[in-house]
Amino acid sequence: MTGASSSSSASAASAAPDFGFDSLSLDWLRAKPGAKWHRHGVPWNAWVADMDFPPPPCVDQAIRAVLDSGDIGYPDWRHVTGGSPAATAFAERCAARYGWTFDPEHLRELNDVLQGIQIVLHLCTEPGDGVVVHTPAYPPFLHSVEDNGRRVVRVPASRSADSPSGWTFDHEALDARLAAGEQAKVLLLCHPHNPTGHVFSEDELRSLAAIAERHDLLVISDEIHADLTYAPLTHRPMALFAPERTVTIHAASKAFNLAGLRYAIMHVAPAWVRERFGTVPDHMFGATNLMGSAAAEAVWRHGDEWLDAVVAHLDGQRRFLGDLLAMYLPDVVYTPPQGTYLAWLDFRTMDLGDDPSAAFVGNGVRLSEGPNFGPEGHGFARLNFATSTEVLRGTVRAMTGELGDP
Ligand SMILES: Cc1ncc(COP(=O)(O)O)c(C=O)c1O
């Protein structure tokens, strides 16, 4: 029993399938053993980037099929494509969905996206090298750079009423700084951007590609949120704009809610990076999980109906959150994200200090702490709206203290 009716059988032949995104039971959510609902012991959890929905039905089927085969021993494929059905599905999907074609031999499977970032930074940069990051930044980006003895070269977000995401990044200033001698070896792109939800436009991607070319930057593009881009925008892989110098890292885990299954994939365009990989033992990359691989293949081949439905639901949620904030917390500044299910909330006019999320813990609500996203996150908190409308309403009302003792 999931707490959500996840049947895709519609009563009328023409009706859209109902995957139960709006039928989550609070009892079911609060009994979940995973980090999101369990770790902090509070009744309203809108922090870590997991969705509250059960996974797509094709994931159940794929995992059951592995178990039914009676064989969960070593699979008969290698880490480099040519072998893994998930990698083949990924390559075919990139061609069909993004018009991005490549040699599948340049794919490398991983346990997770952050592992890929670590490996590339470790093998392709030296201590002290600069890594360009759009800030505020997903906290593990900052740790991946700083805890490895590399330097974050910040490109800070500025509020802009003219930008549909509410945010702009000054790439001309970045170009000028690099031209003036600020050292950097890598552009670590988060596309779409966590936490602002900014989707880099084709013009921005082109200008970043030109900057990478001028200053000889290796580009690592984390596109884990790619399939959570809201219409009318569509995802454009960075590799289309800087095809020779981009390492793209992807996973089905955000868009299809599979984070615990640990499967990601990396496309490595630059030959010199692939050569560096050859300088360390293959076992340093580990090997992927059979269930994670089966699930990724399943959603990439059969998950689009579920994905369309979840993106439509999230599109409604990002707007509904605006209505709720206007009603309950009108001083919060919020622009609906262009991608991701994460809302970057600006509390700076409310006098809640550096970490506004702390003010809501006493009301039973857990958000992600803004300062963890770097100095640009002071006065902010991140709210995850990938839940039902009723849970989102309850979360925002609880933030105000209106629900009393939950
Ligand atoms: C931008 C970004 N990259 C990577 C991750 C983590 O991915 P993984 O669990 O595959 O390392 C997240 C998770 O929220 C994320 O938002």
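Residues numbered from 1 in each chain as written. Predicted model: local features only at pLDDT ≥ 70, side-chain atom pairs only at ≥ 80, totals over all residues.

## Observations regarding helix α11 (residues 304-328)
- The end-to-end C-alpha separation of α11 is 35 Å, in line with the 36 Å expected for 25 residues at 1.5 Å each.
- Every buried residue of α11 is listed here: Trp306, Val310, His313, Leu314, Gln317, Arg318, Leu321 and Leu324.
- On its buried side, α11 packs onto β10 (342-346) and α13 (389-399). (Helix = DSSP H or I, 4+ residues; strand = E, 2+ residues; numbered from the N terminus. Expected span 1.5 Å × (residues − 1). Buried ≥ 20, exposed ≤ 12 C-beta atoms within 10 Å, placed from the backbone. Contact = placed C-beta atoms within 7 Å.)

## So, the domain arrangement of the chain
- Each assigned domain of the chain is listed here: domain 1 (26-56 + 304-399) and domain 2 (72-302).
- Taken residue by residue, the interface counts 26 residues in domain 1 and 31 residues in domain 2.
- Counting only elements with at least two residues in the side of domain 1 that touches domain 2, the list comes to α11, β10 and β13 (380-384).
- Considering each element in turn, the side of domain 1 that touches domain 2 owes the most residues, 4 residues, to α11.
- For the side of domain 1 that touches domain 2, a count of residues per class yields 14 nonpolar, 8 polar and 4 charged. (Domains from an automatic or database assignment. Nonpolar A, V, L, I, M, F, W, Y, C, P; charged D, E, K, R; others polar.)

## Some details on the packing of helix α3 (residues 57-68) against helix α10 (residues 290-302)
- As a packed pair, α3 and α10 sit with axes 9 Å apart at the nearest point and diverge in direction by 140°. Between α3 and α10, the angle is such that the two are oblique. Between α3 and α10 the crossing geometry is right-handed. Together, Cys58, Val59, Gln61, Ala62, Ile63 and Val66 of α3 and Leu290, Met291, Ala294, Ala295, Glu297, Ala298, Val299 and His302 of α10 make up the contact between the two elements.
- For the contact of α3 with α10, the residue count by class is 11 nonpolar, 2 polar and 1 charged. (Axes fitted to C-alpha atoms, helices over the stretch in contact; angles between N-to-C directions. Parallel < 35°, antiparallel > 145°, perpendicular 65-115°, else oblique. Left-handed = near helix turned anticlockwise from the far one by under 90°.)

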